[in-house]
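Chain by chain, the residues run as shown.
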Amino acid sequence: MTRPALLWFRNDLRLADNPALMAVADRPILPVFVLDDDAAGAWKHGGAQRWWLHHALASLGADLSRRGVDLHLAQGDAAIIIPALAAAVGAEDIHVAQRFEPWGRRQDEAIATALKSTGRRLVRHRGTLLHDPHALRTGQGKPYQVYTPFSRAIFAAGEPAPPMDAPARLHPVANPPAGATLDLLPKRDWAKDFPKHWQPGEAGAAKRLAAFGTRALAAYDGARNIPAIPGTSGLSPHLRFGEISPRQVWHAAREAGATGSHTFLKEVLWRDFAYHLLFNRPEMPEAPLAEKFAAFPWQPNPKYLAAWQRGMTGYPIVDAGMRQLWATGWMHNRVRMIVASLLVKHLLQPWQDGQDWFWDTLVDGDLASNSASWQWVAGCGADAAPYFRVFNPMLQGAKFDPEGTYVTRWVPELARLPKNLIHQPWEAPPGLVRDYPPPIIDHAFGRARALAAYAAIKGETA
Ligand SMILES: Cc1cc2nc3c(=O)[nH]c(=O)nc-3n(C[C@H](O)[C@H](O)[C@H](O)COP(=O)(O)OP(=O)(O)OC[C@H]3O[C@@H](n4cnc5c(N)ncnc54)[C@H](O)[C@@H]3O)c2cc1C
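A look at the site of the ligand
Around the ligand, a shell composed of 27 residues is seen, among which Tyr220, Thr232, Ser233, Gly234 and Asn333 lie nearest. Between the ligand and tyrosine 220 there is a distance of 2.5 Å, counted from an oxygen atom to a side-chain nitrogen or oxygen. Leucine 235 places a polar main-chain atom, nitrogen or oxygen, 3.0 Å from an oxygen atom of the ligand. Protein coverage of the free-state accessible area of the ligand, which is 820 Å², stands at 95%. Elements with a contribution of two residues or more to the shell around the ligand: helix H9 (236–240), helix H11 (261–280), helix H14 (333–346) and helix H16 (367–378). Residue contributions to the shell around the ligand peak at five residues, all from H11. Residue contributions to the shell around the ligand reach at least three from each of two domains, namely domain 2 (129–161 + 201–280) and domain 3 (291–455).

Pasting the structure below:
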């Protein structure tokens, strides 16, 4: 119990199954979190993530205090703050969970090099993902581009090691320096309803996992596509901030042994796949992976974008999704695909604009999953949805929200409509719908225009 160590938390805000923490659990430690907006640049935490982070750090701080150490909070350039803190407490090694955002990788490299020159070490641990994104390769030695063989390779690699319990007691450094207070909450309280839906932090993650449980897992195969019911786990923000490890989720699903667990684990692996893509194609959040899409004839239109953001497109399932996002910081996966398709295909708005809005408003905003998913919907990503797949919002609504339960929960203007008209309110007799806009674009026109634009850049005639 001699040499002190620095434990730098980033996207691993938990005590259980945390390899970086376990590596130093029997030594005096200074646990640290640094808010470094400048290093992250355009990818600094979005508004909803900041709300989450505020509460997640409070929860982590309380969990650490109960075990005998205080979380040190700092704001500014981590490349300056971390070496300075290490020097102040006499720590020779700084332990972190690996991160894979391109800016984070660059910063870690720079910090590791700077520390080395002063005889210190940045020790990077696994724990963020199930598999190292740099280690997995196809038979030809290349990174995977297609999800199915990627997931097959992971399943074939066998079960991940069992998760580790949180240490019961931790040891503080002799003279911990005073930390800062982080200013993370929104000034205008647009997130006021978030606490009805979420409990950020490790305890909240454990509760969410337990609530999902065996019954939901058994029904997951069918229920995961129905936005009106809690058919999915809701674990995404907890995984995003590392309040639960993917290994914990994996083993909990295996232990539940339910029939839906394979489908569920395949979804969890989409997260690993997104990081695999981001690691190997770090330009993914900015540029289309399929290069010919650089010439795509987007037609940026602030009015279209604003109507979409506000949930006023006149397509009920789309508007319900966008309003769920605003009110709760989360949107059901099926509906994410539908709203994204309308924006990039019917409305020809650049996928980056949708990605940015999601980044700012999602509590689970995740650089890899967000950019991979937007590129997938836009048809320009690896293993993307074929460009001719233009979701029909009426058919999607009728199939996945046949009673209109989801739509009327978020778009109460449509509550008086008979069920058969919920997804096409423009066909309702006058007087039944008030204060709801007509469709922002005609579906058939938008679809044909999107197909023509896509065919043109694919070198085909429309
Ligand atoms: C346009 C678009 C943008 C998205 N942006 C994000 C994002 O910023 N952050 C994010 O975590 N997910 C994103 N997703 C993926 C997916 O919608 C969410 O992970 C899912 O809705 C989270 O709900 P859940 O936890 O109940 O999922 P569950 O169905 O319970 O799945 C369990 C876990 O698997 C992972 N997962 C499931 N589906 C996917 C997927 N398609 N891609 C990556 N991981 C997945 C998530 O970590 C999720 O928590 C996006 C999808 C689309 C179509």
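Describing the environment of valine 407
By secondary structure assignment, the location of valine 407 is in helix H18 (residues 405–410). The exposure class assigned to valine 407 is buried, which follows from its relative accessible area of 0%. A C-alpha to C-alpha distance of 8.2 Å links valine 407 and alanine 228, two positions 179 residues apart in sequence.

Topic: H11
An ideal rise of 1.5 Å per residue puts 28 Å on 20 residues; H11 measures up with 29 Å between its terminal C-alpha atoms. Along H11, 15 of the 20 residues are buried, which leaves the element largely enclosed by surrounding structure.

A closer look at the pairing of strand E4 (residues 93–97)
The buried fraction of E4 is high, at five of five residues. Of the two faces of E4, the one carrying Asp93, His95 and Ala97 and the one carrying Ile94 and Val96 are both buried. Two strands pair when backbone bridges link them, and strand E1 (residues 5–9) and E4 are joined in this way by three bridges, in the parallel orientation. Pairing of leucine 7 across the sheet is with histidine 95, part of E4. In terms of strand pairing, E4 meets strand E5 (residues 121–125) through five bridges, oriented parallel. Its bridge partner being in E5, valine 96 is matched across the sheet by arginine 124. A crossover links E4 with its parallel partner E5, the connecting element being helix H5 (residues 102–116), and its sense is right-handed.

Examining unusual backbone geometry
Negative phi is the rule for most residues except glycine; trans is the rule for most peptide bonds. Phi at leucine 348 is positive, roughly 55°, even though this residue is not glycine. Notably, aspartate 435 is not glycine yet its phi reads approximately 60°, a positive angle. In this fold, aspartate 435 is placed in the loop between H18 and helix H19 (443–457).

Comments concerning the domain arrangement of the protein chain
Each assigned domain of the protein chain is listed here: domain 1 (5–126), domain 2 (129–161 + 201–280) and domain 3 (291–455). On a C-alpha basis, the centres of domain 1 and domain 2 stand 25 Å from each other. In this complex, domain 1 contributes 20 residues to the contact, which on the side of domain 2 involves 19 residues. For the pair domain 1 and domain 2, the two sides together bury roughly 1,800 Å², of which 51% comes from carbon and sulfur. Counting every contact that joins domain 1 to domain 2 gives two salt bridges. The residue arginine 126 makes a salt bridge to aspartate 132 at a minimum N-O spacing of 2.8 Å. Our count for the contact surface shared by domain 1 and domain 2 stands at 13 residue pairs in polar contact (both at pLDDT 80 or more). Of all the elements, helix H3 (residues 47–66) adds the most residues to the side of domain 1 that touches domain 2, at six residues. Here the side of domain 1 that touches domain 2 is built from residues that sort into eight nonpolar, five polar and seven charged.

The rules behind these values
Residues numbered from 1 in each chain as written. Predicted model: local features only at pLDDT ≥ 70, side-chain atom pairs only at ≥ 80, totals over all residues. Heavy atoms only, no water. Near = heavy atom within 4 Å. Polar contact = N/O pair within 3.5 Å; in protein donor to acceptor, adjacent residues only side chain to side chain. Areas by Shrake-Rupley, 256 points an atom, 1.4 Å probe, with all protein chains shown as cover. Helix = DSSP H or I, 4+ residues; strand = E, 2+ residues; numbered from the N terminus. Domains from an automatic or database assignment. Buried < 20%, exposed > 50% of the residue type's maximum accessible area, 1.4 Å probe, protein only. Expected span 1.5 Å × (residues − 1). Pairing = 2+ DSSP bridges. Right-handed = clockwise from strand over helix to strand, strands pointing away. Contact = heavy atoms within 4.5 Å. Buried area = accessible area lost by both parts, 1.4 Å probe. Salt bridge = Lys/Arg side-chain N within 4 Å of Asp/Glu carboxyl O. Nonpolar A, V, L, I, M, F, W, Y, C, P; charged D, E, K, R; others polar.

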